[in-house]
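The chain contents come next:
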Amino acid sequence: MLRALSDGHGHSMTDLAEAVLMAHPTLTKAVGRLVDDAVVYRRQDTTDRRRVAVYLSDLGRDLVARLDRRAAGHHAEVAAAFGAERTDNLMRELEALAAACKNRD
């Protein structure tokens, strides 16, 4: 969810639910917790006042940067243990799996 929001554009709950493959009720609870923790915030859409968009806060951007560093470190450890080529193949397969799950709906 944080990765989806890290593009700097506000996302509607519907768009966000599709991006993270979550049901609306589950997503609403998760976003609510992130709002409570000041990681994200909600703002009314400027063009359509009926819509609410979710944005990543400064604290959320800092969190994404920390998580990216940790993920990069983990990826390097996997590549060192598994080999760069095998790791790249594994990543491609995982991305294909994620895309297939997303397209299944």
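Note that this is a predicted model, so its numbers are computed, not measured. (Residues numbered from 1 in each chain as written. Predicted model: local features only at pLDDT ≥ 70, side-chain atom pairs only at ≥ 80, totals over all residues. Heavy atoms only, no water.)

### Thoughts on the overall build of the protein chain
Thought 1: Across its full length, the protein chain carries five helices and three strands.
Thought 2: Radius of gyration (C-alpha) of the protein chain: 16 Å, far over the 13 Å computed for a compact globule of 105 residues.
Thought 3: Projected onto the principal axes, the alpha-carbon positions of the protein chain cover approximately 50 × 35 × 25 Å.
Thought 4: Here the protein chain holds 105 residues, and the buried ones make up 23% of them.
Thought 5: Across the protein chain, every contact between residues at least 6 apart in sequence was considered, and the portion connecting residues at least 24 apart equals 39%.
Thought 6: Looking at the protein chain as shown, the accessible area adds up to about 7500 Å², and 54% of this sits on carbon and sulfur atoms. (Helix = DSSP H or I, 4+ residues; strand = E, 2+ residues; numbered from the N terminus. Rg over C-alpha atoms; globule rule 2.2 N^0.38 Å. Buried < 20%, exposed > 50% of the residue type's maximum accessible area, 1.4 Å probe, protein only. Contact = heavy atoms within 4.5 Å. Areas by Shrake-Rupley, 256 points an atom, 1.4 Å probe, with all protein chains shown as cover.)

### Examining the sheet that holds strand 3 (residues 52–56)
Thought 1: Taken together, three strands build an open sheet; the order of strands is 1-3-2 and the sheet is antiparallel. Looking at which strands have only one partner, the edges of the open sheet turn out to be strand 1 (11–12) and strand 2 (40–44).
Thought 2: Judged from the five bridges that link them, strand 2 and strand 3 form a sheet pairing that is antiparallel. By the bridge assignment, Y41 is partnered in strand 3 with Y55.
Thought 3: Taken strand by strand, helix 3 (residues 24–36) contacts strand 2 and strand 3, and its axis lies near 105° from that of strand 2. (Pairing = 2+ DSSP bridges. Axes fitted to C-alpha atoms, helices over the stretch in contact; angles between N-to-C directions.)

In short, the description is geometric, and any link to function would need to be established separately.
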